[in-house]
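# Descriptive structure summary
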Amino acid sequence: LSGSLAAAPYFIISNYVSEKKAKEAAARSSVKIAGRDLLATWKLLVAMALVPALHVVYTFLFWVFLGETASIVYFFFMPFVCLLTVLSFEVSQKLYMSLIALMPQLMASASGVTVVAKRREVKEEVMKVIKEFDWDKSLRDNEEMKHLYKQLSQSNLMEGMEDDIDTCLPGLSSEE
């Protein structure tokens, strides 16, 4: 919580600046629709200036209100607190997003079966496209890949494992 409060000015300023720059870029360009590619760039640029400045300001405030010892402790240990804040925020955000995806599954169990069936259908369609455009051909025609496959298949046969060519290189038969 303390790291989030300390970083609040950065979050507010970086969001404002990055969104402003993204809108400007989208207005100037005939290619950009929303300018999302600039958001991260401007947030990083703002962070490079603002984070050290905030750290110095907060260290000064600690020195004024709490004394020299507190300011030295803050100066050296607050970056670790900020790192832990960022890491915990990322984990909590991932958890929140997974819970959002899980809620419809819990409310209607039939939708889970639908999602699994749709996933299978999309997987089959992707494999059809890969085979239609022959995107796996480069692996089959590559001599180094054939050599690696032969080594793998021979070592698997020696260990008593099944020889599954489609797992290693789809479309490459062991006779080649």
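Residues numbered from 1 in each chain as written. Predicted model: local features only at pLDDT ≥ 70, side-chain atom pairs only at ≥ 80, totals over all residues. Heavy atoms only, no water.

Quick look at the overall build of the protein chain now. Along the protein chain, the regular secondary structure elements total seven helices and zero strands. Ordered by position in the sequence, the α and β elements of the protein chain form the string α-α-α-α-α-α-α. Every one of the 176 residues in the protein chain was classed for burial, and the buried ones make up 17%. Across the protein chain, the fraction of contacts at a sequence separation of at least 24, relative to all contacts at a separation of at least 6, is 45%. Put simply, the protein chain shows about 13,900 Å² of open surface, and 68% of that area lies on carbon and sulfur atoms. (Helix = DSSP H or I, 4+ residues; strand = E, 2+ residues; numbered from the N terminus. Buried < 20%, exposed > 50% of the residue type's maximum accessible area, 1.4 Å probe, protein only. Contact = heavy atoms within 4.5 Å. Areas by Shrake-Rupley, 256 points an atom, 1.4 Å probe, with all protein chains shown as cover.)

Turning our attention to the layout of surface pockets. Put simply, the largest pocket is a space of about 570 Å³. Together, 20 residues line the largest pocket, and Ala7, Tyr10, Val51, Cys82 and Val86 are the ones closest to its centre. Residue assignment for the lining of the largest pocket shows that the elements contributing at least two residues are helix H1 (2–28), helix H2 (36–66) and helix H3 (68–107). Counting residues per element, the lining of the largest pocket draws most heavily on H3, which supplies nine residues. Residue composition of the lining of the largest pocket, by class: 14 nonpolar, five polar and one charged. (1 Å grid on protein atoms, 1.4 Å probe; cavity = no way out; pocket = protein on both sides within 12 Å on 5 of 7 lines; lining within 4 Å. Points joined across faces, edges and corners; volume = space filled by probe spheres on them. Nonpolar A, V, L, I, M, F, W, Y, C, P; charged D, E, K, R; others polar.)

Further remarks concern the side chain of Ser71. Turning to its location among the elements, Ser71 is positioned in helix H3. On the accessibility criterion, Ser71 (6% relative accessible area) is buried. When near neighbours in sequence (up to four residues on either side) are disregarded, Ser71 contacts Thr59, Phe62 and Trp63.

Moving on, we come to the environment of Leu44. In this fold, Leu44 is placed in helix H2. On the basis of relative accessibility, which here comes to 53%, the residue Leu44 falls in the exposed class. With 26 residues separating them along the chain, Leu44 and Ser18 place their C-alpha atoms 9.3 Å apart.

Taken together, Val57, Phe60, Leu61, Trp63, Val64, Phe65 and Leu66 make up a surface patch of nonpolar side chains, about 750 Å² in accessible area. Locating Trp63 in the fold gives a position in helix H2. (Patch = residues over 30% accessible without salt bridge, like charges linked within 9 Å, V, L, I, M, F, W, Y side chains within 5 Å. Salt bridge = Lys/Arg side-chain N within 4 Å of Asp/Glu carboxyl O.)

When the terminal C-alpha atoms of H3 are compared, their 56 Å separation across 40 residues agrees well with the 58 Å that a helix rising 1.5 Å per residue should span. The largest bend in H3 is about 45 degrees, located at Phe77, with the proline Pro79 one to four residues further on. Burial in H3 covers these residues: Ser71, Tyr74, Met78 and Thr85. (Expected span 1.5 Å × (residues − 1). Bend = angle between axes of the 7 residues up to and from the residue.)

This part takes up H2. Helix length check: H2 (31 residues) gives 42 Å between terminal C-alpha atoms against 45 Å at 1.5 Å per residue, within 8%. Along H2, the largest kink reaches about 35 degrees and is centred on Ala47. Along H2, the residues classified as buried are Val46, Ala47, Leu50, Leu54, His55, Tyr58 and Thr59. Phi turns positive, to about 105 degrees, at Gly67, one or two residues after H2.

Let us look at the environment of Phe62. Among the secondary structure elements, Phe62 is positioned in helix H2. For Phe62 and Phe75, which are 13 residues apart along the polypeptide, the C-alpha to C-alpha distance reads 9.1 Å. Sequence-distant contacts of Phe62, defined by excluding residues within four places in its chain, comprise Gly67, Ala70, Ser71 and Tyr74.

Here we take up the confidence of the model for the protein chain. Per-residue confidence for the protein chain averages 77 on the pLDDT scale, and 71% of its residues sit at or above 70. When mean pLDDT is taken per element in the protein chain, H2 scores highest with 88 and helix H7 (residues 165–168) scores lowest with 48. Across residues 161–166, confidence stays below pLDDT 50; counting only partners more than four residues off in sequence or on other chains, it has 11 contacts. Considering only residues more than four positions removed or in separate chains, one finds that residues 168–176, a stretch of pLDDT under 50, has 20 contacts. (pLDDT = per-residue confidence, 0-100.)

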